[in-house]
Amino acid sequence: HDDAQTVLTAPLPSTPTPALAGLRVLCLDNDPDILAGMQSLLTRWGCQVTIATHIADALQQQQHTPAQVWLVDQHLDDAQHGFACLQQHLPDGVLAALETADSEPELPQQVKQHGWGFLKKPLKPAELRAFLTHANAQQAQSSKLHKSP
């Protein structure tokens, strides 16, 4: 019952979450089924979602449709890791969360040191929603700070 597919497609309120309306989210995962589940879930919550299966796709998507939040899986194709991807490619001002089923004890701490979210797989929709709501509030706060009077 705990596989990602079940968790991501679990019935949830399909009404948009006002706190997430219009939030631009990029999902990077090498599993198309997980991406499809994420896209469906986040779209129901009112987010604008772009998906990518490779880092190059994600960077290209970011140029066309800049996301405010990146959700990145730890294990990508070609032995690439989400943590390294975020270190090298996360644009300034973009918030991020690393998703993983790994139980490496140092990983959550390393992720938090960078100020990113850490989401354990299988993802729990309530945790994902809490992270995105927090991220959206941070985005709103920082855009207020950067607006000139």
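Preceding this section is the structure that the text describes.
Figured I'd write up the structure that's included with this text. Being a predicted model, the structure only gives us computed values, none of them experimental. (Residues numbered from 1 in each chain as written. Predicted model: local features only at pLDDT ≥ 70, side-chain atom pairs only at ≥ 80, totals over all residues. Heavy atoms only, no water.)

**Observations concerning the sheet that holds strand β2 (residues 48-52)**
One open sheet accounts for 5 strands, arranged β2-β1-β3-β4-β5; its pairing is parallel. Of all the strands in the sheet, just β2 and β5 (117-120) have a single pairing partner and so form its edges. Each adjacent strand pair in this sheet contributes to an overall mean axis angle of 20 degrees, direction not counted. Two strands pair when backbone bridges link them, and strand β4 (residues 95-100) and β5 are joined in this way by 4 bridges, in the parallel orientation. Paired with E99 across the bridge in β5 is L119. Here helix α2 (residues 32-44) sits on the sheet in contact with β1 (24-28), β2, β3 (69-73) and β4, set at roughly 170 degrees to β2. (Pairing = 2+ DSSP bridges. Helix = DSSP H or I, 4+ residues; strand = E, 2+ residues; numbered from the N terminus. Axes fitted to C-alpha atoms, helices over the stretch in contact; angles between N-to-C directions. Contact = heavy atoms within 4.5 Å.)

**Describing the pairing of β4**
Taking burial as the measure, the 6 residues of β4 include 6 buried ones, the bulk of the element. Of the two faces of β4, the one lined by L95, A97 and E99 and the one lined by A96, L98 and T100 are each fully buried. Bridge count for β3 against β4 is 5 bridges, and the pairing is parallel. Across the sheet, the residue bridging to V69 is L95, located in β4. With helix α4 (residues 82-89) bridging β3 and the parallel β4, this β-α-β connection has right-handed handedness. One crossover worth recording links β4 to the parallel β5 by way of helix α5 (residues 107-113), and it is right-handed. (Buried < 20%, exposed > 50% of the residue type's maximum accessible area, 1.4 Å probe, protein only. Right-handed = clockwise from strand over helix to strand, strands pointing away.)

**Here we look at the nonpolar core**
With 22 residues, the main nonpolar core has L42, L71, L128 and L132 as its most contacted residues. For this core, the elements supplying multiple residues, two or more each, are β1, α2, β3, β4 and α6 (125-146). Per-element accounting of this core gives the leading share, 5 residues, to α2. Non-local contacts of L128, meaning those with residues more than four positions away in its chain, are made with M38, L41, L42, W45, L71 and L119. Counting residues in each nonpolar core, the second largest holds 20 residues, with A67, W70, C85 and V111 among its members. (Core = buried A, V, L, I, M, F, W, Y, C linked by side-chain atoms within 4.5 Å.)

**Observations regarding the packing of aromatic side chains**
Applying the stated criterion across every chain, the model contains 1 aromatic pair. Seen in terms of ring centroids, F83 and W116 are 5.4 Å apart; in terms of plane orientation they differ by 70 degrees. Their pairing is edge-to-face. Pair noted here: F83 is in helix α4 and W116 is in the loop between α5 and β5, with a separation of 33 residues, a long-range link. Taken as a pair, F83 and W116 share a single burial class, namely buried. (Phe/Tyr/Trp six-rings, centres within 6.5 Å; stacked < 30°, edge-to-face > 60°.)

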